[in-house]
Amino acid sequence: MNGYQDIAHAILARIHSGELRPGAQLLPVRAQAQAAGVALATAVRAYAWLEQQGLVVAERGRGTFVRDQGACRNDALVQTAGATPAIDLSFNSPTVAGQEEMLRQGLRNLASAGDIASLLGSVPQGGTLHQRALAARFLQQRGLTPDAAQVLLVNGAQHGITVALAACCQPGDAIAVDALTYPGLRAAAQAQRIDLLPVPLDAAGGPDLAALERLCARARVRAYYCMPTIHNPLGWVMPLAQRQALVQIARRCGLTLIEDAAYAFLADPAPPPLYALAPDCTIYVSSLSKSVAAGMRIGFVVAPAGMSDALARQIRVSIWNPSSVAMALACQWMESGEILALEQAKRHDARQRQTLARAVLEGCAIRAHPAAYFIWLELADSLRAEDTAARLARQGVTVTTAAAFAVGPQRPQALRLALGSVPLASLRAALEQVRREVLW
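Note that the coordinates shown come from a computational prediction; the quantities given were computed from them, not determined experimentally.

### Here we look at the sheet that holds strand 5 (residues 174-178)
Part 1 of the reasoning: Ordered by their spatial adjacency, seven strands build an open sheet running 4-10-9-8-7-5-6, and the pairing between neighbours is mixed. Unpaired on one side and paired on the other, strand 4 (151-154) and strand 6 (195-199) mark the two borders of the sheet. Each adjacent strand pair in this sheet contributes to an overall mean axis angle of 25°, direction not counted.
Part 2 of the reasoning: With four bridges joining them, strand 4 and strand 10 (residues 299-302) adopt antiparallel strand pairing. The residue bridging leucine 152 from the neighbouring strand is valine 301, located in strand 10.

### Regarding a nonpolar patch on the surface
Part 1 of the reasoning: Among the surface-exposed residues, Leu103, Leu107 and Val325 lie close enough to one another that they form a single nonpolar patch of about 210 Å² accessible area.
Part 2 of the reasoning: Here leucine 107 shows up in helix 4 (residues 99-112).
Part 3 of the reasoning: Here leucine 107 falls in the partly exposed class, since its relative accessible area comes to 40%.

### Observations concerning the state of the cysteines
Part 1 of the reasoning: Counted according to the given criterion, the structure contains zero disulfides.
Part 2 of the reasoning: Free of any disulfide, cysteine 216 has its nearest neighbouring cysteine sulfur in cysteine 253, separated by 4.2 Å.
Part 3 of the reasoning: On the basis of relative accessibility, which here comes to 14%, the residue cysteine 216 falls in the buried class.

### Considering the confidence of the model for the protein chain
Part 1 of the reasoning: Across the protein chain, pLDDT averages 90, with 95% of residues at or above 70.
Part 2 of the reasoning: Mean pLDDT across the elements of the protein chain ranges from a minimum in strand 1 (residues 56-59), with 79, to a maximum in strand 8 (residues 256-260), with 98.

### Considering the environment of glutamine 125
Part 1 of the reasoning: Positionally, glutamine 125 belongs in the loop between helix 4 and helix 5 (129-139).
Part 2 of the reasoning: Taking C-alpha positions, glutamine 125 is 9.9 Å from valine 317, a pair spaced 192 residues apart along the chain.
Part 3 of the reasoning: Of the polar contacts made by the side chain of glutamine 125, one reaches the backbone oxygen of tryptophan 320; its length is 3.1 Å.

### Section: unusual backbone geometry
Part 1 of the reasoning: The omega torsion of the bond from aspartate 268 to proline 269 falls at 5°, within 30 degrees of zero and hence cis.
Part 2 of the reasoning: Here proline 269 shows up in the loop between strand 8 and helix 10 (274-277).
Part 3 of the reasoning: Located in the positive-phi region is arginine 193, a residue other than glycine, with phi close to 55°.
Part 4 of the reasoning: We note that tryptophan 320 has phi near 70°; this positive angle belongs to a residue other than glycine.

### Observations concerning the pairing of strand 15 (residues 414-418)
Part 1 of the reasoning: With respect to burial, strand 15 is a largely interior element, five of its five residues being buried.
Part 2 of the reasoning: Side chains of strand 15 alternate between two faces, with Ala414, Arg416 and Ala418 and Leu415 and Leu417 buried alike.
Part 3 of the reasoning: Strand direction decides the pairing type here: strand 12 (residues 374-378) and strand 15, joined by five bridges, are antiparallel. Bridged to isoleucine 375 within strand 15 is leucine 417.

### Comments concerning the sheet that holds strand 15
Part 1 of the reasoning: Spatial strand order, 11-12-15-14: four strands in an open sheet with antiparallel pairing. Either end of the sheet is taken by a strand with one partner, and the two such strands are strand 11 (365-367) and strand 14 (400-401).

About the cut-offs
Residues numbered from 1 in each chain as written. Predicted model: local features only at pLDDT ≥ 70, side-chain atom pairs only at ≥ 80, totals over all residues. Heavy atoms only, no water. Pairing = 2+ DSSP bridges. Helix = DSSP H or I, 4+ residues; strand = E, 2+ residues; numbered from the N terminus. Axes fitted to C-alpha atoms, helices over the stretch in contact; angles between N-to-C directions. Patch = residues over 30% accessible without salt bridge, like charges linked within 9 Å, V, L, I, M, F, W, Y side chains within 5 Å. Areas by Shrake-Rupley, 256 points an atom, 1.4 Å probe, with all protein chains shown as cover. Salt bridge = Lys/Arg side-chain N within 4 Å of Asp/Glu carboxyl O. Buried < 20%, exposed > 50% of the residue type's maximum accessible area, 1.4 Å probe, protein only. Disulfide = S-S within 2.5 Å. pLDDT = per-residue confidence, 0-100. Polar contact = N/O pair within 3.5 Å; in protein donor to acceptor, adjacent residues only side chain to side chain.

Printed below as a string of structure tokens:
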């Protein structure tokens, strides 16, 4: 063997033959290099390729292990067609009673409108001025006071993140992110060849802002992506004083703040959004996917002055614009106040699910906001997240491991449990299975 591909393909063949079964530990990379008679860098590259293909997972201080391809959910963005697990704790698609009738009535209203033919056409990138004005008034309920010209309607928060990155970064640029962050941001950055620089967490679970400033001093950092209100996956809410300190760092270091507020509606009350504190250097991103429905792919991007045109260009080259029908429904519900009532119902629903989860998982090491639709479950030192997730999947319960959220070499042994997609009775049963696996 004289190349990394030879080593990687030899290991791949052993995985496919069943010689290396899920959970099997590979040789330490130095020992692999010696066994193959190659330089250490070659073996490192082979292991990195296997990990990029999703075949193995490297755990700092433990080693490199073969992944269970059929059982583990380590990509929190993948939804499969066809058969679904009995209980899915990997995705959040929260709904509450009455939403089906709300949709029926909304469609009836559109069908009876005199200008229904307009829904067959498209709208300008970011929405019409009327639609943007409605969205601006709606966002006042979330602590923002933007001009309509600064609000753009997009195809959900994931699309909003993607166009925000493209508007403020070029391939090869770097942005700072929390060491545990939303997988959709990782995917968007990878697609645009933007480097991610992890910011370590402080003792309270939030970002270490001193470390962020040191990072900006030694590297050219274009932006900092963050979720200050109900962080996914940890659930914390950044206090006002820390938000103010972050704004000062952003202005000193020339950072653009990309504020992801997808779950922020669940926190009531909450400190003001970063955009309210620093509209000059913050891009605010939110959506209706959690507050209304996962299929309602309408999101909001609120831009600093002067950036709206750049964001509109990125909307045009990515999806042109969202569905006219979805935009019309969203505007109807924003204007009627139905979304605000729905958000209140979902806050109640999320708290009910959190209360249940905390009762079932008593004695487990968890982090969560009391109104979040997810829980971060830290495992004992004797457990591996991959193995635990695989065992649960074979019992019909899917969860997401920390690998989906980790940026950099540190990958804690932890699971994220999504609470919002299954009935309460099924949720209790699934959480009881999780408890048996982590406290055996």
